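Here are the chains, one letter per residue:
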Amino acid sequence: MKSKGLERLDIVSLFPGMFDGPLSESLIGKARERGLIDLRVHNLRDFSDDRKHRKVDDRPYGGGPGMVIRPEPVYRALKAIRATGTKRLKPHVIFMSPQGRLLTQKIAHDFAVKPWLLVLCGHYEGLDERIMSLVDDEVSIGDYVLTGGELPAMVFADTVVRLIPGVVKEAGSITRDSFQSGTLDYPHYTRPAIWRKKKVPAVLMSGHHEAIEFWRQQQAVAVTLRKRPDLLEEK
Ligand code: ADE
């Protein structure tokens, strides 16, 4: 059966409150309200095997700084969340980590066609390595280290949810995105036609659609050459 694309996204975190604003406002919030995505945020502590203190971490074997998230709470979280799906539908498990594959628009498209994503946010020194056998993909949002996987998970969720058909009203704004066609986006202008002596390029007001399209493609290449020439280099 062909997948209809992303329908459900679960996030497991030690700080679920961090997601309240970013994933409830704007386009993502609207997408949730309109039922285009079933987005659920879970508190890892709810799955702790330590009933009393709900502790999920411990000191690293071999010594060293920081704490490591124990495998059992993560295992329990994955098992419980998986059980809320159907037999045929299993989540694709992603761990946000600076060691992961670098997130690009291409990778976002690959994830946006999976029906169900489950994102694990790391913290402290990371997760016990033994849980990695249950992880399908590790994803990084850049070559820098954040205090935890929450901000990366928000970036990831925003990027993939916006690719679900209908989330962004005009499909054209997706196909024209920077990176989509291998170039950056062309410049945009709105009213007034003259603003503090600066004019809007005449071609945009000509009503000549082919000329406008040609100008935009030309501009996209020029902008890319100026700002990100690496994108145009042959790989
Ligand atoms: N956790 C900490 N830093 C990260 C990064 N750059 N990408 C994804 N997860 C992270």
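Residues numbered from 1 in each chain as written. Predicted model: local features only at pLDDT ≥ 70, side-chain atom pairs only at ≥ 80, totals over all residues. Heavy atoms only, no water.

1. Considering the overall build of the protein
Phase 1 of the analysis: Across its full length, the protein holds 6 helices and 9 strands.
Phase 2 of the analysis: With the principal axes as the frame, the protein shows a C-alpha extent of 70 × 40 × 35 Å.
Phase 3 of the analysis: Nonlocal contacts in the protein, meaning residues at least 24 apart in sequence, comprise 75% of its contacts between residues at least 6 apart.
Phase 4 of the analysis: As displayed, the protein has an accessible area near 14,800 Å², and 54% of this comes from carbon and sulfur atoms.
Phase 5 of the analysis: Averaging the coordinates of the 37 positive side-chain charges in the protein and doing the same for the 30 negative ones gives two points 5 Å apart. (Helix = DSSP H or I, 4+ residues; strand = E, 2+ residues; numbered from the N terminus. Contact = heavy atoms within 4.5 Å. Areas by Shrake-Rupley, 256 points an atom, 1.4 Å probe, with all protein chains shown as cover. Lys, Arg positive; Asp, Glu negative; His and termini not counted. Charge placed at Lys NZ, Arg CZ, Asp CG, Glu CD.)

2. Topic: the pattern of salt bridges
Phase 1 of the analysis: For the structure on display, the rule yields 12 salt bridges.
Phase 2 of the analysis: Two residues, Lys106 and Asp110, come together in a salt bridge whose shortest N-O distance is 2.9 Å. Separated by 4 residues within a single helix, Lys106 and Asp110 lie in helix H3 (residues 105-112), roughly one turn from each other.
Phase 3 of the analysis: With a relative accessible area of 56%, Lys106 lands in the exposed category.
Phase 4 of the analysis: Here Asp110 falls in the partly exposed class, since its relative accessible area comes to 35%. (Salt bridge = Lys/Arg side-chain N within 4 Å of Asp/Glu carboxyl O. Buried < 20%, exposed > 50% of the residue type's maximum accessible area, 1.4 Å probe, protein only.)

3. Quick look at the environment of Phe214
Phase 1 of the analysis: Tracing the sequence through the fold places Phe214 in helix H6 (residues 209-227).
Phase 2 of the analysis: Taking the C-alpha atoms as reference points, Phe214 and Val203, 11 residues apart in sequence, are found 9.9 Å from one another.

4. Examining the pairing of strand E2 (residues 38-43)
Phase 1 of the analysis: When strand E1 (residues 8-13) meets E2, the two strands line up parallel, connected through 6 bridges. Note on E2: the bridge partner recorded for Ser13 is Asn43.
Phase 2 of the analysis: On the question of chirality, the crossover connecting E1 to the parallel E2 by way of helix H1 (residues 26-33) is right-handed. (Pairing = 2+ DSSP bridges. Right-handed = clockwise from strand over helix to strand, strands pointing away.)

5. Here's the deal with the packing of H3 against helix H4 (residues 150-161)
Phase 1 of the analysis: Taken N-terminus to C-terminus, the directions of H3 and H4 make an angle of 70°; their axes are 9 Å apart at the nearest point. Accordingly, the angle class assigned to the pair H3 and H4 is roughly perpendicular. Where H3 approaches H4, its residues Gln105, Ala108, Phe111 and Ala112 are matched on the opposing element by Phe156, Thr159 and Val160.
Phase 2 of the analysis: Looking at the contact of H3 with H4, its residues break down into 5 nonpolar, 2 polar and no charged. (Axes fitted to C-alpha atoms, helices over the stretch in contact; angles between N-to-C directions. Parallel < 35°, antiparallel > 145°, perpendicular 65-115°, else oblique. Nonpolar A, V, L, I, M, F, W, Y, C, P; charged D, E, K, R; others polar.)

6. A look at the domain arrangement of the protein
Phase 1 of the analysis: Each domain of the protein was delimited in the assignment, giving domain 1 (8-161) and domain 2 (176-234).
Phase 2 of the analysis: Using C-alpha coordinates to define each centre, domain 1 is positioned 37 Å away from domain 2. (Domains from an automatic or database assignment.)

7. As for the side chain of Thr224
Phase 1 of the analysis: Structurally, Thr224 can be placed in helix H6.
Phase 2 of the analysis: Relative accessible area serves as the criterion here: at 0%, Thr224 is assigned to the buried category.
Phase 3 of the analysis: The contacts of Thr224, once residues within four sequence positions are left out, are Thr183, Leu184, Pro229, Leu231 and Leu232.

8. Side note on the site of the ligand
Phase 1 of the analysis: With respect to spatial proximity, the complete set of residues near the ligand consists of Met96, Ser97, Pro98, Val139, Ser140, Ile141, Gly142, Tyr144, Val145, Leu146, Gly148 and Pro152.
Phase 2 of the analysis: Between the ligand and the protein, one listed contact pairs a nitrogen atom with a backbone N or O atom of Tyr144 at 2.8 Å.
Phase 3 of the analysis: Contacts to the ligand include Leu146, whose backbone N or O atom sits 3.0 Å from a nitrogen atom.
Phase 4 of the analysis: Protein chains bury 96% of the 260 Å² of accessible surface belonging to the ligand in isolation.
Phase 5 of the analysis: For the shell around the ligand, the secondary structure elements donating two or more residues are strand E5 (92-102) and strand E7 (137-140).
Phase 6 of the analysis: Ranked by the residues each element gives to the shell around the ligand, the list is headed by E5, at 3 residues.
Phase 7 of the analysis: Class assignment of the residues belonging to the shell around the ligand gives a composition of 8 nonpolar, 4 polar and no charged. (Near = heavy atom within 4 Å. Polar contact = N/O pair within 3.5 Å; in protein donor to acceptor, adjacent residues only side chain to side chain.)

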